[in-house]
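Fold and contact review
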Amino acid sequence: MLIATIIIILGLVVVSIWERGRQKRERWAESAPQEPEARPSPISEAIVEFVGVSGGIYLALIALVNFLKLNVPQQAKVLSVEFDPIAAIAIFLGIIQPFILRIRKMKI
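Residues numbered from 1 in each chain as written. Predicted model: local features only at pLDDT ≥ 70, side-chain atom pairs only at ≥ 80, totals over all residues. Heavy atoms only, no water.

1. Section: the side chain of Glu19
Along the chain, the position of Glu19 falls in helix H1 (residues 2-30). Here Glu19 falls in the buried class, since its relative accessible area comes to 1%. For Glu19, the contacting residues outside a window of four places in its chain are Pro98, Phe99 and Arg102. (Helix = DSSP H or I, 4+ residues; strand = E, 2+ residues; numbered from the N terminus. Buried < 20%, exposed > 50% of the residue type's maximum accessible area, 1.4 Å probe, protein only. Contact = heavy atoms within 4.5 Å.)

In structure tokens, the structure reads:
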């Protein structure tokens, strides 16, 4: 069960990064440069963006918890895996962020 959970989480991260890369390719296609230039691949930029967004959310959540003086456990245990619950929330929000952007774009 533990291995299945890890595989599902990694699968969600991969799908999230793939969606970010797809969105980057769309933006690049819309703003096609006049001259060819060297730039990083959409996937590498998507990975950097995922880490940046998740890290920013984590810092914001830590600041919020400290400001509001909330009692949040340092470690949580699910299926014999211990993790930081705030980090898990930040990673989850980082995973779903590109899909929320896609939904917002479809409604506009």
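Moving on from the model shown.
2. As for the packing of helix H2 (residues 42-68) against helix H3 (residues 85-107)
The contact between H2 and H3 brings their axes to 8 Å, and the two run at 135°. The orientation of H2 relative to H3 falls into the category oblique. Remark: the crossing between H2 and H3 carries right-handed chirality. Two secondary-structure elements touch here, H2 through Glu49, Phe50, Val53, Ser54, Ile57, Tyr58, Leu61, Ile62 and Val65 and H3 through Ile86, Ala87, Ile89, Ala90, Ile91, Leu93, Gly94, Ile95 and Gln97. Its residues assigned to classes, the contact of H2 with H3 shows 14 nonpolar, three polar and one charged. (Axes fitted to C-alpha atoms, helices over the stretch in contact; angles between N-to-C directions. Parallel < 35°, antiparallel > 145°, perpendicular 65-115°, else oblique. Left-handed = near helix turned anticlockwise from the far one by under 90°. Nonpolar A, V, L, I, M, F, W, Y, C, P; charged D, E, K, R; others polar.)

3. Some points on the pattern of salt bridges
The final tally for this structure, using the stated rule, is five salt bridges. Ionic pairing is found between Arg22 and Glu19, a salt bridge with its closest N-O pair at 2.6 Å. Residue Arg22 and its partner Glu19 are both found in helix H1; the two are separated by three residues, about one turn of the helix. With respect to burial, Arg22 and Glu19 carry one shared label: buried. Among the salt bridges present, the one from Glu19 reaches Arg102, with a minimum N-O distance of 3.0 Å. In this pair, Glu19 sits in helix H1 while Arg102 sits in helix H3, placing the two residues 83 residues apart along the sequence. (Salt bridge = Lys/Arg side-chain N within 4 Å of Asp/Glu carboxyl O.)

Note that every value here comes from positions in space, so none of it alone points to a role or purpose.
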